[in-house]
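Descriptive analysis of the structure
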There are 2 protein chains.
Amino acid sequence: MTSVNPQNFTNDQVPAAVLAALTEARIAIEHISPSVDGGRFPAKGIVDQHIPVEATIFMDGHDHLAAQIVWRAVDVEQWNTTPLRAMGNDRWVAGFIPEQSGMHEFAIEAWSDRWGTYRDELEKKERAGVATALEIQEGRILVRAIADQNVSAKSSNARQVYQLARQLASANDERTKMLLLTDGVHELMSALDERRFLQRTELLRVDVERTAAGFSSWYELFPRSQTRADGTHGTFDDVIARLPAIHAMGFDVLYFPPIHPIGRTHRKGRDNQLTAAPDDPGSPYAIGSEEGGHDAVHPDLGGIDAFRRLRAAASDYDIEIALDFAVQCSPDHPWLQQHPEWFSWRPDGSIRYAENPPKKYEDIVNVDFYAEGAQPSLWVALRDVVQSWVDEGVKIFRVDNPHTKPLPFWQWLIADIRSRHPDAIFLAEAFTRPAMMYELAKIGFTQSYTYFTWRKTKEELTDYLIELSSGEPRDFFRPHFFVNTPDINPYFLQTSGRGGFQIRAALAATLSGLWGVYSGFELCEGEPVPGKEEYLHSEKYEIKPRDWNAPGNIIGLISSLNRIRKENAALQTHLGLKFLGSGNDQVLYFSKATADRSNVLLIAISLDPKQSQEAYLEVPLQLLADDLPARDIKEDLHGAAIDTAAAEKPAIQELHVEELLRGQTMIWSGAYQHWYFDPNELPLAIWRVALPQKNSAASHQEPHHEQQSDREEPLAKQLAPQEKISASETNSTLPRGEKI
Amino acid sequence: MTSVNPQNFTNDQVPAAVLAALTEARIAIEHISPSVDGGRFPAKGIVDQHIPVEATIFMDGHDHLAAQIVWRAVDVEQWNTTPLRAMGNDRWVAGFIPEQSGMHEFAIEAWSDRWGTYRDELEKKERAGVATALEIQEGRILVRAIADQNVSAKSSNARQVYQLARQLASANDERTKMLLLTDGVHELMSALDERRFLQRTELLRVDVERTAAGFSSWYELFPRSQTRADGTHGTFDDVIARLPAIHAMGFDVLYFPPIHPIGRTHRKGRDNQLTAAPDDPGSPYAIGSEEGGHDAVHPDLGGIDAFRRLRAAASDYDIEIALDFAVQCSPDHPWLQQHPEWFSWRPDGSIRYAENPPKKYEDIVNVDFYAEGAQPSLWVALRDVVQSWVDEGVKIFRVDNPHTKPLPFWQWLIADIRSRHPDAIFLAEAFTRPAMMYELAKIGFTQSYTYFTWRKTKEELTDYLIELSSGEPRDFFRPHFFVNTPDINPYFLQTSGRGGFQIRAALAATLSGLWGVYSGFELCEGEPVPGKEEYLHSEKYEIKPRDWNAPGNIIGLISSLNRIRKENAALQTHLGLKFLGSGNDQVLYFSKATADRSNVLLIAISLDPKQSQEAYLEVPLQLLADDLPARDIKEDLHGAAIDTAAAEKPAIQELHVEELLRGQTMIWSGAYQHWYFDPNELPLAIWRVALPQKNSAASHQEPHHEQQSDREEPLAKQLAPQEKISASETNSTLPRGEKI
């Protein structure tokens, strides 16, 4: 910005406000994505995966702008830059791929592109055949001005612009114009010209996590039920025997409800009875007895040694162990004796038992996070519990009912653990109102349980998935789609039969990068407590051995789904989703695609567990072209034209697809494909689209100069040998090693 | 917040982060409305009009919360408080009515409502018939604790809580319970108890302006055309003669294109020809000649004296004058000689002429705001131009093409003028991409031209009005619906005939608080330059006398619309809009209602200027109940139930309505009203809904205790005389005169 020159100033007094206004941003940069609550919380990313960045960037008048992302991992000094592309209507897009996990930060920079503005005008006049002598003279002056700006620089670029300025001074108008219109000169000028009205946004953060944070397939079981003899208490060694089968189904996370000693006082009996029989094992959520608390292992499971054997064995199958972190205590938990100051006592000397309305947990009491004596000793003790399991090699925690504990507690605990163990993963098991569900994700939970279990109709699923993949949550909320849990026996599955289990598995495994199965689901178990969304003879209160090869199971489909998920990156996230027309309210049909379109799937799932359904599946020929920029939209007095510009897309005539469950290949053309879905066979299909030869990547990078680059020779060929110009040196805004 | 008590702390080291976390907000307050770009810009309000405030407020667990707005005018020391009501799903609403213009500020406060939580639990147990002895004892202890908190206070509330605690100590359980459940005790406890976990947001701003900022009806004319003899140049005295007719049509703002001397160099001839005939008057937008610049009046209009006579005469008709502020200069403007340093000169000694693609203005040159010599002298000179007209009594400026001048310039200029003249109004005449349109409103423009002129179909109008009235813009963008301008002869009106003019007048006058007509519209003028959206023989380039009583005019309808607008507050804003079903894509049907529902209109407008259309108009019986809170939504494991709770609304069986254009009254019942719209008669109808007796206002204030208050005696009657309790003293969070 030029400094104020008061020599022409004739008023008595220069208002201070006008001097401030002169230095304020001329370029507006708004609606940056990803951004969570205006930067208050970090967005989420996955290592080696594209993070899309968008912003609305504009300035008064008609001058061209240029813009870039500047980004880095916070513990790396060097900044990277990625140019943004204008998509029309002032929206600019690009993205970056973080190569390491940990916190990243980025800002948007935009500036007035003086050479781009000049060249565009010259091109237009040239094309319109009007006189350009004045513009050519202005070009000579502009090159000279940029050369003068760089007169003391020693770079090869600076030498080249000086040579160019000298050459233009002696060249005739025709040759000067030819040179002024080349891409090479454009690049040189853009690299060297001052970035006028440069505007830089505040830094925004992206928390980049390991792959399993966004893509994993969970299997949940009660270790005590992994027994070969009815009634005996299963051990971790019994779980080791189950690992081959779990691995064969394709699951890579094995999650257990709490594995700690279980209290005896007010222990629940079978079927949630208030009184337990002597041999009832109790709910594992009633944590703690004289045998120990949250850092102990239930003796009947084999103790810590058996746990260590299991962890090592699971690792051999590439299966990670996830533990349950449930803060509550049974009345027999050692903490009640050792730390009475962590609890809120009633006038009769009791502690209020836990409730999560309408549920009552008479065998459980809660700590009081803000009791005077709990600050901070309780908080630190709970952190130490998690740390003790991390020290045992556990890096994944499913957190029980986090919405009934303070948000600042979780924010601190997760940040504390991750400061030493960036690969730690926390799954929020909150089923509550949307604001709290989302807040838990904002403050640090890696993954979140969702309303998926209750979304059954096409409209419900479509609305919810659009909210998760395209609404505000897309930047920070990673949905984990459990098809069932020990607490939720979905009404749909109680009556759907096997077809319904196939449908729910298919929906969860294809719509979300994270999905989970509580054991029994693969056997199509669904017998409820009548009228309730609970399992009859709930495994929470009794040991429940199963025949893992029972007929009618869907182990084959689950194994196929997990195999297809591993082979197709588009299924490793809930993003990249687009719903398509099926002509049938009972058939959900959508595409999943990676950001670079290197993996594109078309998926159709019948929602009807009983009857066959037919569908007319839209053939989305434009699907592979969606990432091309819309044509540059001209400003226009006609509002309608301004904000409804159509994209110019290359024509694709047919899709070559392969159905991945059945192994068929075929060619789709025309507007629709007619298809049948039979719940007695397989009520779904997954087609992978074979990619046609794409246009050159270069034309995507520089949409403004696409036409130009196709019809001109490289600048180097046009210049005499001593004039060769390269733009290899970029005028980096952020010098290496300098922090903003 | 209780301070940390380290006595029970057993770890070696207390991490600093946990001590910070202990003091961090337990209560989340998010998605506050109104808020523009997270508080970067003020929202807009109108004096004496309700400003709705909403926020999402939640905390871990199941305790009750309480929340309020604290607000004030920034130049008033005292803060006001307004309680927020929970509408379900953690959304809280209320609002405030500013009583003066100028900047206001507000924050949201929320805290844990200990007594509300306690009372709710006691009530539930009482209703369920379970034992409550323990809860009653806890109530005695809680009252005692609150009394102890207030032991040193001298207020009557403090005395009362002390008396209550003493009384409860001796009362039996039954009488204690009765007292603990009263509203009076609830109010007393809420007033006296500490506000635990109190959370207060940052302050947000609302710029409150005078009524005309949001509600006025504009009439635009070229003063030079107000001539009785064809060809002679009209004067401001001729305009005075037109005032009675303009007033009779109901317009209250009279707006002129620039009234300054017009340049001769490159003057445009009739029909935008590049060469002017000797007697062509030129475009008034080519501002400046040797007779003066932006602060001068064209001599042929009668000079400044005639202008002053007009302004005084208009004032007698309650008509305000609005002037055009167009920054550009003709090549003859005195500034080119006096301040060459304000312009950007080309190598041949010329200045680039102005363009607003695709339009070219060969008779106009632009200043260069960032020329070295223009900082800040040009900026101040332009401010001084506006100030000079303010000094002449002009308070409304229509700003020409503000999007081609720097945003910081306007932000400063408008703030500068309004710091001395808070009643100044600036209308942004920007027709460009949406981001810039909205940005101009954010930085201070009072009102904005819109895309309305190009929105013709039901879908286009519905989408656009929903965006303006319910989307982000609702907080800061006041749309001004011009039906035509000297620059825009809408295609629709070129062929629609009289019916189309009626339709466009009706849409603008009922959908927006601000609407405008460029003279000739009322005569249904629409002859275009063939194929263009411009008027043939444009008044911009020639003097154009008219027969103001030409047959076929729609002066009657315009007068009626403006009368109805004045009589119905619901039409004095674009807000309070709801689209309703008409069963016909050619009939737009909607309701407009004030925030307090004291004025509710139903409006149907046929969009077909040629054919009659019939419609089945939805009878919106629930319309008058829309402001009632939804029932309190209970947390629930079933996601579907959590976020889709229906409101309980009182049943209304019929609507008594009066059609305001025709004066008919009738009763609507059933689901639909069948109606015909004839463009040869009147293609619209406006019904005012007569209001039924509303429920008592009190029940709206305190939805949580509605049932309770209906069935209990006032507390005062239940207490012995010496026990009387009043809650007149509120525990004000912000003491009078204290700034946050």
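Please read all numbers here as calculations on a predicted model, not as lab measurements.

1. Quick look at the overall build of chain A
A count of helical and extended segments in chain A gives 20 helices and 28 strands. Residues counted as buried form 58% of the 740 residues belonging to chain A. Put simply, 75% of the contacts in chain A that link residues at least 6 apart link residues at least 24 apart. Accessible area of chain A: about 29,500 Å², with a carbon and sulfur share of 49%.

2. Some words on helix H3 (residues 133-149) of chain B
With 17 residues, H3(B) should cover 24 Å at 1.5 Å per step; its first-to-last C-alpha distance of 25 Å lies within 8% of that length. Restricting attention to buried positions, one finds in H3(B) the residues Glu135(B), Ile136(B), Glu138(B), Gly139(B), Arg140(B), Leu142(B), Val143(B), Ile146(B) and Ala147(B).

3. Topic: unusual backbone geometry
A cis amide bond links Ser33(B) to the next residue, Pro34(B), at an omega of 0°. With respect to the helices and strands, the residue Pro34(B) is situated in the loop between strand S1 (28-33) and strand S2 (43-46). Geometrically, the link from Gln375(B) to Pro376(B) is a cis peptide bond, its omega value of 0° lying close to zero. Within the fold, Pro376(B) resides in the loop between strand S15 (359-365) and helix H10 (377-391). Within the chain, Asp271(A) stands out as a residue other than glycine whose phi angle is a positive 55°. Here Asp271(A) lies in the loop between strand S12 (253-255) and helix H8 (303-316).

4. Details of helix H2 (residues 114-128) of chain B
Residues and elements named next belong to chain B. The end-to-end C-alpha distance of H2 is 21 Å, a good match for the 21 Å that 15 residues give at a rise of 1.5 Å each. Residues of H2 that are buried: Trp-115, Gly-116, Thr-117, Tyr-118, Arg-119, Asp-120, Leu-122 and Glu-123. Positive backbone phi, at 75°, marks Gly-129, one or two positions downstream of H2.

5. Brief notes about the interface of chain B and chain A
Between chain B and chain A, the residue contacts involve 89 residues of the former and 88 residues of the latter. Summing the contributions of chain B and of chain A, the shared interface buries around 8,000 Å²; its carbon and sulfur component is 59%. In this structure, the connection of chain B to chain A is made through twelve salt bridges. Of the charged contacts in the structure, one is a salt bridge between Asp90(A) and Arg433(B), with a shortest N-O distance of 2.7 Å.

6. Considerations on the nonpolar core
Ile57(A) and Ile57(B) are the most contacted members of the largest nonpolar core, which totals 334 residues. Aside from chain neighbours lying at most four places away, what touches Ile57(B) is Ile27(B), Ala28(B), Ile29(B), Leu65(B), Ala67(B), Leu84(B), Asp90(B), Trp92(B), Ile108(B) and Ala110(B). By size, the runner-up hydrophobic cluster in this structure holds 21 residues, among which are Val600(B), Leu602(B), Leu655(B) and Phe677(B).

7. Here's the deal with the pattern of salt bridges
Residues and elements named next belong to chain A. A full pass over the atoms with the stated rule returns 96 salt bridges over all chains. Between Glu-439 and Lys-442 there is a salt bridge, and its shortest N-O distance comes to 3.7 Å. Of this pair, Glu-439 and Lys-442 both sit in helix H12 (residues 434-442), three residues apart, roughly one helical turn. The two residues Glu-439 and Lys-442 agree in class, both being buried.

8. Quick notes on the side chain of Glu135(B)
With respect to the secondary-structure elements, Glu135(B) resides in helix H3. With relative accessibility at 4%, the residue Glu135(B) sits in the buried group. Engagement of the side chain of Glu135(B) in a polar contact is seen with the side chain of Lys125(B), the distance being 3.1 Å. In contact with Glu135(B), other than residues within four places in its own chain, are Arg346(A), Tyr118(B), Glu121(B), Leu122(B) and Lys125(B).

9. Remarks on the relation of the copies chain B and chain A
Each copy of the sequence occupies a distinct position, and chain B is placed on chain A by a rotation of 180° and an axial shift of 0.0 Å, giving an RMSD of 0.1 Å. On this basis, the relationship between the two copies can be described by a two-fold rotation axis. Taking C-alpha positions as the reference, the residue of chain B nearest the rotation axis is Gly38(B), at 3.5 Å. A shared interface surface links the copies, since 99% of the contact residues of chain B are contact residues in chain A too.

10. Examining the environment of Glu659(B)
All names here are of chain B. Relative to the helices and strands, Glu-659 is located in strand S25 (residues 654-659). If we skip the residues at most four places from it in the chain, Glu-659 touches Gln-664, Ala-685, Ile-686 and Trp-687. Of the polar contacts made by the side chain of Glu-659, one reaches the backbone nitrogen of Ile-686; its length is 2.7 Å.

11. Quick notes on the sheet that holds strand S26 (residues 665-669) of chain B
Residues and elements named next belong to chain B. Taken in spatial order, the six strands line up as S21-S22-S23-S28-S25-S26 in an open sheet, and their pairing is antiparallel. Two strands lie at the open edges of the sheet, namely strand S21 (577-579) and S26, each paired on one side alone. Within the sheet, the average angular offset between the axes of one strand and its neighbour, ignoring direction, is 30°. Strand contacts of helix H13 (residues 458-470): S21 and strand S22 (587-593), with the helix running at about 145° to S21, the strand carrying the most contacts.

12. What to know about the packing of helix H15 (residues 498-511) of chain B against helix H16 (residues 555-567) of chain B
Residue and element names in this part refer to chain B. Interaxial distance between H15 and H16 falls to 10 Å at its minimum, and their mutual angle equals 15°. On the basis of their axis angle, the class for H15 and H16 is roughly parallel. In the packing of H15 onto H16, the handedness of the crossing is right-handed. Two secondary-structure elements touch here, H15 through Gln-502, Ala-505, Ala-506, Ala-508, Ala-509 and Thr-510 and H16 through Leu-557, Leu-561 and Arg-565. Looking at the contact of H15 with H16 residue by residue, the class counts come to six nonpolar, two polar and one charged.

13. Remarks on the sheet that holds strand S17 (residues 425-429) of chain A
All names here are of chain A. Read around the closed barrel, eight strands run S11-S12-S13-S16-S17-S18-S19-S20, paired in parallel fashion. Geometrically, the sheet is characterised by an average inter-axis angle of 25° between neighbouring strands, direction not taken into account. Bridging between strand S13 (residues 320-325) and strand S16 (residues 396-400) involves four bridges; their strand directions are parallel. Counterpart to Asp-324 in the pairing with S16 is Arg-398.

14. Section: the confidence of the model for chain A
Residues and elements named next belong to chain A. Per-chain confidence: chain A averages 89 in pLDDT, with 88% of residues scoring 70 or above. Under a pLDDT of 50 for its full length, residues 1-11 has, in the predicted model, 23 contacts with residues more than four places off or in other chains. When the criterion is pLDDT under 50, residues 694-740 qualifies, and its contacts beyond four places in sequence or with other chains add up to 82 contacts. What the predictor reports for the complex is a pTM of 0.89 with an ipTM of 0.89.

15. Describing the environment of Asp384(B)
Examined against the element boundaries, Asp384(B) turns out to sit in helix H10. In the structure, Asp384(B) is positioned 79 residues away from Asp305(B) in sequence and 20 Å away in space, judged by C-alpha atoms.

16. What about the pairing of strand S20 (residues 514-518) of chain A?
Residues and elements named next belong to chain A. Of all five residues in S20, five are buried; the element is thus mostly enclosed. Covered by surrounding structure in S20 are Leu-514, Gly-516 and Tyr-518 together with Trp-515 and Val-517, the residues of both alternating faces. Looking at chain direction, strand S11 (residues 216-220) and S20 are connected through five bridges and run parallel. Bridge pairing links Ser-217 to Trp-515 in S20. Sheet analysis places strand S19 (residues 479-482) next to S20, joined by three bridges and oriented parallel. Bridging from a neighbouring strand, Phe-482 pairs with Gly-516 of S20.

17. Some thoughts on the packing of aromatic side chains
Inspection of every chain in the model, using the stated rule, returns 74 aromatic pairs over all chains. Ring centres of Trp379(B) and Trp412(B) lie 6.5 Å apart, and the angle between their planes is 45°; on these two criteria the pair is classed as tilted. Of this pair, Trp379(B) sits in helix H10 while Trp412(B) is found in helix H11 (residues 407-420), placing the two residues 33 residues apart along the sequence. Taken individually, Trp379(B) and Trp412(B) each receive the classification buried, so the pair is uniform in this respect. What links up through ring pairs into an aromatic cluster is the set Phe197(A), Phe325(B), Phe369(B), Tyr370(B), Trp379(B), Phe409(B), Trp410(B), Trp412(B) and Phe445(B). Across the ring face of Phe197(B), the terminal group of Arg26(B) is positioned such that the distance to the ring centre comes to 4.6 Å. A cation sits over an aromatic face here: Arg455(B) above Tyr464(B), 5.1 Å from the ring centre.

Conventions adopted
- Residues numbered from 1 in each chain as written.
- Chains lettered and ligands numbered in written order.
- Predicted model: local features only at pLDDT ≥ 70, side-chain atom pairs only at ≥ 80, totals over all residues.
- Heavy atoms only, no water.
- Helix = DSSP H or I, 4+ residues; strand = E, 2+ residues; numbered from the N terminus.
- Buried < 20%, exposed > 50% of the residue type's maximum accessible area, 1.4 Å probe, protein only.
- Contact = heavy atoms within 4.5 Å.
- Areas by Shrake-Rupley, 256 points an atom, 1.4 Å probe, with all protein chains shown as cover.
- Expected span 1.5 Å × (residues − 1).
- Buried area = accessible area lost by both parts, 1.4 Å probe.
- Salt bridge = Lys/Arg side-chain N within 4 Å of Asp/Glu carboxyl O.
- Core = buried A, V, L, I, M, F, W, Y, C linked by side-chain atoms within 4.5 Å.
- Polar contact = N/O pair within 3.5 Å; in protein donor to acceptor, adjacent residues only side chain to side chain.
- Least-squares fit on C-alpha atoms with pLDDT ≥ 70 in both.
- Pairing = 2+ DSSP bridges.
- Axes fitted to C-alpha atoms, helices over the stretch in contact; angles between N-to-C directions.
- Parallel < 35°, antiparallel > 145°, perpendicular 65-115°, else oblique.
- Left-handed = near helix turned anticlockwise from the far one by under 90°.
- Nonpolar A, V, L, I, M, F, W, Y, C, P; charged D, E, K, R; others polar.
- pLDDT = per-residue confidence, 0-100.
- Phe/Tyr/Trp six-rings, centres within 6.5 Å; stacked < 30°, edge-to-face > 60°.
- Lys NZ or Arg CZ within 6 Å of the ring centre and 35° of its normal.

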